[in-house]
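Chain residues, written in single-letter form:
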Amino acid sequence: MVESQARRFFGSRVSRIEDDRLLRGRGRYVADIELPRELAAKFVRSYEAHASVAEIELGDAVEAEGVHAVFTGADFADSEIRCVSSYEGFQVSAQPILALDRVRFAGEALAMVIADDEYLAEDAAEMVFADLAPLPVVLDLDAALASDAEVLHDGWTDNAYVRRAVKTDGFDKAAAGAPHRLTIDLRNARHGAIPMENRACVADYDRGSNRFTLHTTTQVPHLIRAGLALAMDVPESQIRVIAPDVGGGFGVKAQLYTEEVACCLAARELGRPIKWVEDRREHFVASHHSREHRHRVTGYFDDLGRILALEADIRVDMGAYSVFPWTATMDNGMAMGILPGPYKIREYSATGTPVCTNKTPYGAYRGVARPAACFSIERLIDQIARHRGLDRAEVRRRNLLGADDYPWHSPSGLVYDSGSLAESLESVLQLGEYDVLLTEQAEARAQGRLFGIGLVAFTEQTAHTHQEFKQRGVPIVFGYETAKVRLDASGTAVVSASIHDHGQGLETTLAQIAADRLGLDLDKVRVEYGDTNQVAYGAGTFASRSAVLAGGAVTRAADDVAATLKEVAAHELEAAVEDMVIERGRLSVRGSPVVSIDISELCRLTYQRPERLPEGIEPSLESSRTYDAAPGTGAYTNAAHLSTVEIDPMTGKTAVLTYAIVEDCGPMINPMIVEGQIFGGVAQGIGTALFEEFLYDENGQPQSLTFSDYLIPTSTDVPDFAVAHLETPSPFTIGGIKGMGEGGAIAPGAVIASAIEDALSHLGETVVTDLPLTPERVLTHIDQAIAQGEGQ
Amino acid sequence: MRDITVTINGRPMSATVDPRLLLSDFIRQDAGLTGTHVGCEHGYCGSCTVHVDGASTRSCLTLAVQVAGRKVDTVESLAPDDETLHPIQQAFEDCHGLQCGFCTPGLLMSVAELANTNLVCDRAKIREHLAGNICRCTGYHQIIDAVEQALAEIREVQIDG
């Protein structure tokens, strides 16, 4: 039970606490950390996508200037990253820390050079020659599943990590009885999070206490500790993981990496701190990739365009190894669960296959499978609209869940808590001026311009905990987050949390919550995170969960501390505990505000004058609590996006002209931060829609190694945004908060595909099914549309 | 090894450096100014932007020996003191023009150059000027808000002054 307490900061656009240090260049990122006697590491990486390792010739590297050691696979052979799904039939991969007898992707680390500085380590790394004997490469996920495909791991029967299927009891009957059916095949390209800060870590080993300290660029320090303990067979109590300021994550920093293990092992071996800073070229091949989905989706619907049953086959190219802690089944599980989206679909059948290929392993990226799922269902809805000759907005209206459908038990077993889907759709049509746009489009077409409107409604599963992760078969079931709140003797609250802030503004939003619960000013609250020694357990920041779960844990812990303050104050003021009011830095007696005492005085008194405490009260103003939002399948934020594009008919280049968003994430702790999260997500989604793709040649050589080959949106690629909010509280969470960190990135692929298809619809029919919509692909669509139109 | 003297943020600094040492590494490691961040080391992302003799420069594509005898300014030079931010920094804070903060120092230095050269810019012009600084977090909208505010503020101070 959470007591009501006046909200002074919750809901306000307060400036961020973290900004001052970041703006002054005083942030402390991992690459900024310099430990005494530290050495630099550089990895030698495989230039083949699939090969047996004949020999690694160290040559002159060992004797080169400033070199302390060169490690190869055999040196670290006792450790590996093995992440096993609990799904029946899961085929297990073991990723060596440095390659042993075989490499399975270009970029896999073969050797590790340790030298006095990075320059010398790079010099020596170039002297190492790996003799690799190429093996047949498996690059395409469908080809990987062919019966004659080379099997990539010993003891496996084929290249499927696992095969999964779900089906509702009434599916067959509903599908058979539906008057219409439509099937589309959809592809999302392999791309990734690409934060501006590359990965980095500094490992230190203390021989006196046998303890490791790893500073690393991670979103999930506690999970990295768990993973290191497993990989190195060391008790967790001997590992401290510190993630200081982290320069963006978006999922790619939510997995354990071999480099982190290697740096720890090398630090133990050499007795000196080891620092590794990834360069951008390495990042493109060695940091986990994402998003490569292929879906075949069939909708069964009636004359009015209402979906009666939905069928999906989901294949995801998970690359060479199963990653810790998600396993190789993460995207499939999420896609199979959320594909029915915001629609009232009762009958559902889905199969899912995560596939092993000779590509970089696959990790999380903002939205995890939801962008692909949204793309599939929204593209299907658009095709149904065209099939029935209906307006796209109208088909959505007819299928969206209504306010009285909640709580909605989805056919995939999720419980949607609440939402405002119909309202957000209508609002975005108004905000984006849909009627005006239709007129504009008619005028544009009269002038021969290609102007299109895209529209999407979706639901964002957020803050899902144990039920969701149990269902996804992960070995560690993520649920709760932990927060510790302590008032110090001078009256400052220190909030320590198991989540991590790498741009989401949690240092501020958690302070807003704590300040309200404790009646303090914001400058009397300090939020700490990113150190496994601060709070014992928790999972970290991913899956739009931190505001909900850490926010709930902070609320609980702060309320415990406030309760103790009230006891002490009541005793001091000779009043009843239940009459104590806590606000504006003071505790006072309800109805007699002059009878009051400063919180700072109460703090001093509690710690330094124990003889004045009431009986039974310990001299402690500290509480550590956890929160796991039941029932554990999440709180559901919803949104609608409306965008316009114009295509250059000569080059096929698409310009995004306008972008409107109406989002409902429940009560907002800080609307300014919410908007920043939405805008940033949409910009990433525009990258998904138009630009981003990791390309390989036929031998598995990565072709996207610089920012000139891999384009990410710049300030001239992204338009100004229009945004409006709805606030439907979740009945499931403390404060009614819903997560929203990923939502922006989920819809743009579907929105822009819809807009491009619309821009060409007057020429003829073409169905947009593949992302990204590069100029080349768009030109093909223009040609298809014209050919189809002329053929009629 | 070469002996160089550079004026960094108004202070002369002498050092003996390897000719291949990047300016970005010199600033971060030798001068200890870790506010300058390295995002790509191929001159594309703009995170490492500093001013050399007042002009914005990619410090990852510049050698330390190239700035011998010249004036280098980094993000640490912007704020007048510990209590006050530079108007550009203040605008970024007010408008939520930063999230993870990694690209921010480079962006601030690019905006500072704009403020020195062209104080009257519409949003499209601002976007054009900042197209060499990639930000993966913000989606740019609030950065453009911040730059508009900062330029207006600086114009006003100049008119008043």
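What counts and how
- Residues numbered from 1 in each chain as written.
- Chains lettered and ligands numbered in written order.
- Predicted model: local features only at pLDDT ≥ 70, side-chain atom pairs only at ≥ 80, totals over all residues.
- Heavy atoms only, no water.
- Helix = DSSP H or I, 4+ residues; strand = E, 2+ residues; numbered from the N terminus.
- Rg over C-alpha atoms; globule rule 2.2 N^0.38 Å.
- Buried < 20%, exposed > 50% of the residue type's maximum accessible area, 1.4 Å probe, protein only.
- Contact = heavy atoms within 4.5 Å.
- Areas by Shrake-Rupley, 256 points an atom, 1.4 Å probe, with all protein chains shown as cover.
- Lys, Arg positive; Asp, Glu negative; His and termini not counted.
- Charge placed at Lys NZ, Arg CZ, Asp CG, Glu CD.
- Domains from an automatic or database assignment.
- Buried area = accessible area lost by both parts, 1.4 Å probe.
- Salt bridge = Lys/Arg side-chain N within 4 Å of Asp/Glu carboxyl O.
- Polar contact = N/O pair within 3.5 Å; in protein donor to acceptor, adjacent residues only side chain to side chain.
- Nonpolar A, V, L, I, M, F, W, Y, C, P; charged D, E, K, R; others polar.
- Pairing = 2+ DSSP bridges.
- Phe/Tyr/Trp six-rings, centres within 6.5 Å; stacked < 30°, edge-to-face > 60°.
- Arc of directions from axis to C-beta.
- Axes fitted to C-alpha atoms, helices over the stretch in contact; angles between N-to-C directions.
- Disulfide = S-S within 2.5 Å.

### A look at the overall build of chain A
In terms of helices and strands, chain A carries 20 helices and 30 strands. A compact globule built from 792 residues would reach a C-alpha radius of gyration of about 28 Å, and chain A, at 28 Å, matches this within 12%. Oriented by its inertia axes, the alpha-carbon framework of chain A measures out at about 95 × 75 × 50 Å. Each of the 792 residues in chain A was classed as buried or not, and the buried ones make up 65%. Looking at chain A alone, contacts between residues at least 24 apart form 80% of all its contacts between residues at least 6 apart. Just so you have it, chain A exposes about 26,700 Å², and 47% of that area is on carbon and sulfur atoms. Where the 71 positive side-chain charges of chain A centre and where its 115 negative ones centre are 4 Å apart.

### Re the domain arrangement of chain A
Interfaces are frequently sized by the accessible area removed from exposure as the parts join. Residues and elements named next belong to chain A. Partitioning chain A into structural domains gives domain 1 (19-27 + 480-627), domain 2 (33-135 + 196-248 + 253-286) and domain 3 (364-465 + 634-791). Between the C-alpha centres of domain 2 and domain 3 the distance comes to 38 Å. Taken together, the contact pairs 10 residues of domain 2 with 12 residues of domain 3. Interface area for domain 2 against domain 3, summed over the two sides, is near 870 Å², with a carbon-plus-sulfur share of 67%. Counting across the interface, domain 2 meets domain 3 through 0 salt bridges. In this assembly, domain 2 and domain 3 are joined by 2 residue pairs in polar contact (both at pLDDT 80 or more). Of the residues belonging to the side of domain 2 that touches domain 3, the class tally is 6 nonpolar, 1 polar and 3 charged.

### Regarding the sheet that holds strand E6 (residues 102-103) of chain A
Taken together, 3 strands build an open sheet; the order of strands is E6-E2-E8 (chain A) and the sheet is antiparallel. Only two strands of the sheet have a single neighbouring strand rather than two, namely E6 and strand E8 (129-134) of chain A.

### Observations regarding the interface of chain B and chain A
Taken together, the 49 residues of chain B in the interface contact 55 residues of chain A. Of the roughly 4,300 Å² buried where chain B meets chain A, counting both sides, 53% is carbon and sulfur surface. Joining chain B to chain A, the criterion identifies 6 salt bridges. The closest approach of N and O atoms between Asp720(A) and Arg127(B), which form a salt bridge, is 2.7 Å. Summed over the shared surface of chain B and chain A, the number is 37 residue pairs in polar contact (both at pLDDT 80 or more). Among the elements of the structure, helix H1 (23-30), helix H2 (87-95), helix H3 (104-117), helix H4 (123-129) and helix H5 (141-160) of chain B are those that each provide at least two residues to the side of chain B that touches chain A. At 4 residues, the largest contribution of residues to the side of chain B that touches chain A is made by H2(B).

### Thoughts on the packing of aromatic side chains
Here the distance between the centres and the angle between the planes together describe a pair of aromatic rings. Residue and element names in this part refer to chain A. According to the stated counting rule, one finds 22 aromatic pairs over all chains in the structure shown. A centroid spacing of 6.2 Å and a plane angle of 80° characterise the contact between phenylalanine 284 and phenylalanine 694, whose relative ring orientation is edge-to-face. With a gap of 410 residues between them, phenylalanine 284 in helix H7 (residues 280-286) and phenylalanine 694 in the loop between helix H17 (671-690) and strand E30 (721-726) connect regions that are remote in the sequence. For the pair phenylalanine 694 and tyrosine 710, a centre-to-centre distance of 4.8 Å together with 25° between the ring planes defines the contact as stacked.

### Examining the environment of Ser4(A)
Topologically, Ser4(A) is positioned in the segment before helix H1 (19-23). Taking the C-alpha atoms as reference points, Ser4(A) and Arg517(A), separated by 513 residues in sequence, lie 8.9 Å from one another.

### Some words on the pairing of strand E21 (residues 481-487) of chain A
Residues and elements named next belong to chain A. The buried fraction of E21 is high, at 6 of 7 residues. Where E21 meets strand E27 (residues 622-627), 6 bridges bridge the pair, whose relative direction is antiparallel. Among the inter-strand pairings, glutamate 481 is bridged to a residue of E27, identified as tyrosine 627. Where E21 hands over to strand E22 (residues 493-497), the hairpin turn is made up of 5 residues, of which glycine 491 adopts a positive phi near 90°.

### Some remarks on helix H11 (residues 421-431) of chain A
All names here are of chain A. Among the residues of H11, Leu421, Ser424, Leu425, Val428 and Leu429 are the ones counted as buried. Down the axis of H11, the buried set is contained in an arc of 135°. They therefore lie on one face. One or two positions beyond H11, positive phi appears at glutamate 433, with a value near 55°.

### What about unusual backbone geometry?
Residues and elements named next belong to chain A. Of note, the amide linkage connecting tyrosine 406 to proline 407 takes the cis form, showing an omega dihedral of -5°. Among the structural elements, proline 407 can be located in the loop between helix H10 (392-399) and strand E18 (408-409). A cis amide bond links alanine 630 with the next residue in sequence, proline 631, at an omega value of 0°. Within the element layout of this structure, proline 631 appears in the loop between E27 and strand E28 (635-647).

### Description of the sheet that holds strand E10 (residues 180-187) of chain A
Residues and elements named next belong to chain A. Spatially, 5 strands are ordered E9-E17-E16-E15-E10 in an open sheet, and the strand pairing comes out mixed. Either end of the sheet is taken by a strand with one partner, and the two such strands are strand E9 (164-167) and E10. The average angle at which neighbouring strand axes cross in this sheet is 10°, direction not considered. Where E10 lies against strand E15 (residues 293-301), 8 bridges are found, and the strand directions are antiparallel.

### Remarks on the state of the cysteines
By the definition in use, this model includes 0 disulfides over all chains. Take Cys374(A): it sits in no disulfide, and the sulfur closest to it among the cysteines is that of Cys665(A), at 17 Å. Owing to a relative accessible area of 6%, Cys374(A) belongs among the buried residues under this scheme. Cys135(B) forms no disulfide, and the closest cysteine sulfur to it belongs to Cys103(B), at a distance of 3.8 Å. The exposure class assigned to Cys135(B) is buried, which follows from its relative accessible area of 6%.

### Quick word on the side chain of Arg291(A)
All names here are of chain A. Mapped onto the elements of the fold, arginine 291 is located in the loop between H7 and E15. From its side chain, arginine 291 meets the backbone oxygen of arginine 366 in a polar contact 2.6 Å long. Excluding its chain neighbours within four sequence positions, the residues that come into contact with arginine 291 are Asn188, Ala189, His191, Tyr362, Tyr365, Arg366, Gly367, Val368, Pro371, Thr688 and Ala745.

### A few points about the domain arrangement of chain B
All names here are of chain B. Each assigned domain of chain B is listed here: domain 1 (2-77) and domain 2 (87-160). Once you take the C-alpha centre of each, domain 1 and domain 2 turn out to be 22 Å apart. The junction of domain 1 with domain 2 conceals about 1,200 Å² of combined surface from both sides, 56% of it contributed by carbon and sulfur atoms. Three residues stand out in domain 1 for area buried against domain 2, namely His37, His51 and Val75, and they jointly supply 38% of the buried area on that side. Summed over the shared surface of domain 1 and domain 2, the number is 0 salt bridges. For the pair domain 1 and domain 2, the interface holds 6 residue pairs in polar contact (both at pLDDT 80 or more).

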